[in-house]
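# Inside the fold
Here is what each chain is made of, one letter per residue.
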Amino acid sequence: MCGAPFFGFPLFYFYFVMEVLTISTKENLINEEIKIPEVRLVSAEGEMLGVVKIAQALEMAHEKDLDLVLISPAAVPPVCKIMDYGKFCFEKEKRAKEAKKKQQVVEIKEIQLSCTIGDHDFQTKLNHAHRFLKGGDKVKVVVRFRGREMRHTELGAEILARFEKGCEGIGAAEKKAVLDGRNMTMFIAPVKQ
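A few points on the structure. (Residues numbered from 1 in each chain as written. Predicted model: local features only at pLDDT ≥ 70, side-chain atom pairs only at ≥ 80, totals over all residues. Heavy atoms only, no water.)

### A look at the packing of aromatic side chains
The cut-off we apply is this: Ring geometry is summarised as follows: Phe, Tyr and Trp rings, the Trp one being its six-membered ring, pair when their centres sit within 6.5 Å, and such pairs are stacked at plane angles under 30 degrees, edge-to-face over 60 and tilted between the two. Think of it this way: any DSSP run of H or I at least four residues long counts as a helix, any run of E at least two long counts as a strand, and we number them from the N terminus. In this scheme, a residue with accessible area under 20% of its type's maximum is buried, one over 50% is exposed, and one in between is partly exposed, where area comes from a 1.4 Å probe on protein chains only. Two thresholds decide whether a charge sits over a ring: the Lys NZ or Arg CZ must be within 6 Å of the ring centre and within 35 degrees of the ring normal.
In total, this model carries two aromatic pairs according to the counting rule given. With 6.1 Å between their ring centres and 35 degrees between their planes, Y85 and F88 make a pair best called tilted. One end of the pair, Y85, and the other, F88, are both in helix α3 (residues 85-102), three residues apart, so they sit about a helical turn from each other. For Y85, a relative accessible area of 15% translates into the label buried. R162 extends its terminal NZ or CZ atom over the ring of F122, reaching a point 3.9 Å from the ring centre.

Following this line, the structure appears as structure tokens:
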């Protein structure tokens, strides 16, 4: 009478759950999906029309060949606007793409040093940091302590201070040197010019 059972539930229950899931995954409810008795209505031109019954709001939207869209469901009473829903979705997607284009992704590049690093190796690592900072990326500088080097953490602090001084003008220390286990870490961010 109500369909074959689906995992122990009647089939009509399954269809009801699927309908609720499809409605709740949409961002905005439109037209007959809105099940609220009264709404605050805004016209297509942005004019406030006041609080009206949902049937009257739907009728006004259909007269203008537009959709009734639930804009703010949390408001009391909820706010609906008469608009072209397809055009609204298109413009919203277009704005999101524009914002994504303008967004700059900052990566964090890691440079590892040791307490016994030679001058030439230090300069090479510093040149890498300069290249990363000029490219707009942040640099995480890590000094690793091995064995008995843990007794002389001040050597690591001196190396990081020297590294920070070598990056002056291009980058500035965002976070000062911090000892974390056997590593001393410092973050350098590019300087805005």
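### Section: helix α5 (residues 153-166)
What counts is decided by this rule: Helix span, as expected, comes to 1.5 Å for every residue beyond the first. We call two residues in contact when some of their heavy atoms are within 4.5 Å.
Under the 1.5 Å per step criterion, the end-to-end length of α5 is 20 Å for 14 residues, consistent within 8% with the ideal 20 Å. Elements that come into contact with the buried residues of α5 comprise β5 (108-114), α4 (119-134), β6 (138-144), β7 (171-180) and β8 (183-190).

### Here we look at unusual backbone geometry
The phi torsion at D65 lies on the positive side, around 55 degrees, for a residue other than glycine. Within the secondary structure, D65 is located in the loop between α2 (54-63) and β3 (67-72). Taking the relative accessible area as the measure of exposure, D65 reaches 72% and is therefore exposed.

Read these as geometric descriptors, not functional statements.
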